[in-house]
Amino acid sequence: MKSTHIIGLTITSGFAFLLAGAAVPAHATVVKNSFLKTTRTIRTTNSKKQVKLTIPKNTVVQAAGVKWSGHHKYVYINADQLSYHLRKPLLSTKSTSNFSRWLRVSHTNFQQIKKPVYLSYYNTNVHNPLTKGTTYHTKADLWKGHALPVDYQSQSGIRLRVTTDGYLEYFASSPYVYETSAKPSDTAKVIGATYLDGLNQDIMTFNSSFSALPFKKSGNQYTLTISEQGQWSTTATPNEDNLKSLNLQKISKVEDQEWYWRYQTINY
Amino acid sequence: MKLNPFIKYLIGSLSLLVFGTVTAQSASAKTHYLTNVPDYSFLETKRTIHTTNDYFNDVKITIPKGTIFQATGVSIGVKTGHPFLSIDLNGLSWHLRKIVIDSKHDQQSTASLWLTTANFKRVRTPSYLAYYQATKRFPASYRGTLHQGDKYPQDDSDVTAKSNEVRVTNDGYLEYTENASVQATKQIKPQYSVKVQRTIKKGNNTYLYTASNIPAIPSTHIRSTGKYQYRFKFINTNQHLVTTNPSMSNPDVFGDMTVVVRYYIGNTQTKYYLCTQFISK
């Protein structure tokens, strides 16, 4: 009699333990560089509480950093990755940080999504092992031309990029080294995108176009194709016989135009 | 006859004792293996290793006790899970590698050797290799070699390019080779091979002390007797130079690059370069 009572107790406690153990914390797979979509309008500020930031519902953002605090996971984003009308407060002279405050990762704030197809033209995450003096870049910027100029730190170039929330932005003259992206010279909202794996092509569709980039008209819509060429260019600074840093770029074609994406910087 | 349970117990315990001793003997004969040997770390032989050249197995190779070599290509046996490697004799001094360099085959590695604790032990990076980052990942053929010249030769010419080379082997010999192929992994006979007796590193300068001289490169004669008669000075300028080779399919884009660091030997203006990085697509 006594033994059966004991058995019954152990079974129920074991079952309860199983149930408790089965509870998986929310968004267990959100890590640095994961993509999230807001499930409500998030009103926050930049990390230094200098300017207000409003991220509308259904905006795609990328986690720039992740932490655990208490029983919750938090992320912060780089608001410079957002389209102009969302990042505009960062351009104020009051703002000295592009990052947002920590935002709680929960169903009320975010849902995790896959990397948007329109961002397939560049690496949004780094998989290489960390090496001292070597930086692997994950910025969305494409620069027009073949290779980074040697004196790029004081120069400007023609830049294009697609924001995480799906806006193609074109900058007729942008410094190679910038704090916050200024107002773009032209912009167009991405309404669809396809990635052709074999050809490394990111084909984006728009309802509007602008003359600065070689859009192709297709019925009532416009397309722009960015193709990775599988080729690299390099820039040795200040020169090849006295190397202080080496910059590596991946060459892409925007339709027929040659543009490059900054991939890696090695400092000596 | 029914056996007394006490006697049964005695027989049982006796047999246990016998088995016990047998297992104890085999436990003392068990082979132990080195755990965690990172690639590019250094090992020293604890006994004389008798082996052969890899694949062909027709050249007898003897590596004496106390030889330090660099562990490259450490692998794990699929069936046993034990670590093993082949020793690349190109990293060792002439008197040890002579037998494979002179052989008819182009094979300078030993057959696979199990990394047992009886045969090998891990050691710190030897001080005579302090003039360069010996544990850094880099193609073995360029390891620690100072080539006389400005920087790595441009593509097309690097296959035929030759230079005078100075290096300290893994087992501690300072070697000078005239007109060696820049690119070749096979380390031919040097003009001089002298044992490094002591090394002192002061900032960017590394001083190597030997008992005999290498007249081909600058040295200071400091004593007439003993182990420390000559001193060689390697100066690391930390000046990096890159040689970019265009892609074979498209000359406008880069195929690969070799980054070197400039060195001087002694207080002269003769430039040497040490390969430190190879970057390819």
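Residues numbered from 1 in each chain as written. Chains lettered and ligands numbered in written order. Predicted model: local features only at pLDDT ≥ 70, side-chain atom pairs only at ≥ 80, totals over all residues. Heavy atoms only, no water.

### Things to note about the sheet that holds strand 7 (residues 113-114) of chain B
Stage number 1. Sheet architecture is open: three strands sit in the order 5-6-7 (chain B), paired in antiparallel fashion. Both outer strands of the open sheet, strand 5 (75-76) and strand 7 of chain B, are each paired with one neighbouring strand and no more. (Pairing = 2+ DSSP bridges. Helix = DSSP H or I, 4+ residues; strand = E, 2+ residues; numbered from the N terminus.)

### What about the sheet that holds strand 5 (residues 72-77) of chain A?
All names here are of chain A.
Stage number 1. Pairing in this open sheet of five strands is antiparallel, and the strands run 6-5-4-1-7 from one edge to the other. Unpaired on one side and paired on the other, strand 6 (103-104) and strand 7 (110-113) mark the two borders of the sheet.
Stage number 2. As paired elements, strand 1 (residues 35-38) and strand 4 (residues 60-69) share three bridges and run antiparallel to each other. The partner of Lys37 across the bridge, within strand 4, is Val60.

### Concerning the side chain of Thr180 of chain A
Residue and element names in this part refer to chain A.
Stage number 1. Note that Thr180 resides in the loop between strand 11 (167-175) and strand 12 (186-196).
Stage number 2. You can call Thr180 buried: its relative accessible area is 18%.
Stage number 3. In this structure the side chain of Thr180 is engaged in a polar contact, spanning 2.9 Å, whose partner is the side chain of Asn98.
Stage number 4. If we skip the residues at most four places from it in the chain, Thr180 touches Asp80, Leu90, Leu91 and Asn98. (Buried < 20%, exposed > 50% of the residue type's maximum accessible area, 1.4 Å probe, protein only. Polar contact = N/O pair within 3.5 Å; in protein donor to acceptor, adjacent residues only side chain to side chain. Contact = heavy atoms within 4.5 Å.)

### Topic: the pattern of salt bridges
Stage number 1. Summed over all chains, the structure comprises 11 salt bridges over all chains.
Stage number 2. One salt bridge in this structure joins Arg161 of chain A and Glu169 of chain A, with 3.1 Å as the shortest N-O distance.
Stage number 3. A relative accessible area of 4% means that Arg161 of chain A is categorised as buried.
Stage number 4. With its nearest N and O atoms 3.7 Å apart, the salt bridge here joins Lys151 of chain B to Glu240 of chain A. Of this pair, Lys151 of chain B sits in the loop between strand 9 (146-148) and strand 10 (162-168) while Glu240 of chain A sits in the loop between strand 15 (221-239) and strand 16 (242-254), on two different chains.
Stage number 5. The exposure class assigned to Lys151 of chain B is partly exposed, which follows from its relative accessible area of 21%.
Stage number 6. Here the salt bridges share partners, and the residues they tie into one network are Asp80, Arg87, Arg161 and Glu169 of chain A. (Salt bridge = Lys/Arg side-chain N within 4 Å of Asp/Glu carboxyl O.)

### Remarks on the confidence of the model for chain B
Residue and element names in this part refer to chain B.
Stage number 1. For chain B, the mean per-residue pLDDT works out to 88, and 88% of the residues sit at or above 70.
Stage number 2. Contacts of residues 16-27 to residues separated by more than four positions or lying in other chains number zero contacts, the stretch itself having pLDDT below 50.
Stage number 3. Reported confidences for the modelled complex are a pTM of 0.80 and an ipTM of 0.73. (pLDDT = per-residue confidence, 0-100.)

### Some details on the confidence of the model for chain A
Stage number 1. Summary statistics for chain A give a mean pLDDT of 90 and a share of 90% for residues scoring 70 or more.
Stage number 2. For the stretch residues 6-26 of chain A, pLDDT sits under 50, and the model shows two contacts to residues farther than four places along the chain or on other chains.

### Points about the pairing of strand 10 of chain B
Residue and element names in this part refer to chain B.
Stage number 1. With six of seven residues buried, strand 10 lies mostly within the body of the structure.
Stage number 2. Sheet topology places strand 9 next to strand 10; two bridges connect them, and they run antiparallel. Note that in strand 10 the partner of His147 across the bridge is Glu165.
Stage number 3. The sheet contact formed by strand 10 and strand 11 (residues 173-181) spans six bridges and is antiparallel. By the bridge assignment for strand 11, Val168 is matched with Leu174.
Stage number 4. Linkage of strand 10 to strand 11, two consecutive antiparallel strands, is achieved through a turn of four residues, within which Gly172 is found at a positive phi near 90 degrees.

### Side note on the packing of aromatic side chains
All names here are of chain A.
Stage number 1. Tallying each qualifying case throughout the model produces 19 aromatic pairs over all chains.
Stage number 2. With centroids separated by 6.3 Å and ring planes inclined at 50 degrees, the aromatic side chains of Trp261 and Tyr263 adopt a geometry described as tilted. Taken as a pair, Trp261 and Tyr263 share a single burial class, namely buried.
Stage number 3. In textbook terms, an aromatic cluster arises when at least three aromatic residues are bridged by ring pairs, as seen for Tyr121, Tyr122, Tyr136, Trp232, Trp261 and Tyr263.
Stage number 4. Residue placement shows Lys67 over the ring face of Tyr74; its charged tip is 5.7 Å from the ring centre.
Stage number 5. Against the face of Tyr178 rests Lys139, its NZ or CZ located 4.4 Å from the ring centre. (Phe/Tyr/Trp six-rings, centres within 6.5 Å; stacked < 30°, edge-to-face > 60°. Lys NZ or Arg CZ within 6 Å of the ring centre and 35° of its normal.)

### Some words on the domain arrangement of chain B
Residue and element names in this part refer to chain B.
Stage number 1. You can read the domains of chain B as domain 1 (42-123) and domain 2 (127-280).
Stage number 2. Taking only C-alpha atoms into account, the centre of domain 1 sits 24 Å from that of domain 2.
Stage number 3. Taken together, the contact between domain 1 and domain 2 spans 17 residues of the former and 19 residues of the latter.
Stage number 4. Buried surface at the junction of domain 1 and domain 2, both sides included, amounts to about 1,400 Å², of which 51% is carbon and sulfur.
Stage number 5. A salt bridge links Arg97 to Glu175, with the nearest nitrogen and oxygen atoms 3.0 Å apart.
Stage number 6. Looking at the side of domain 1 that touches domain 2, the element that brings in the most residues is helix 2 (residues 94-101), giving five residues. (Domains from an automatic or database assignment. Buried area = accessible area lost by both parts, 1.4 Å probe.)

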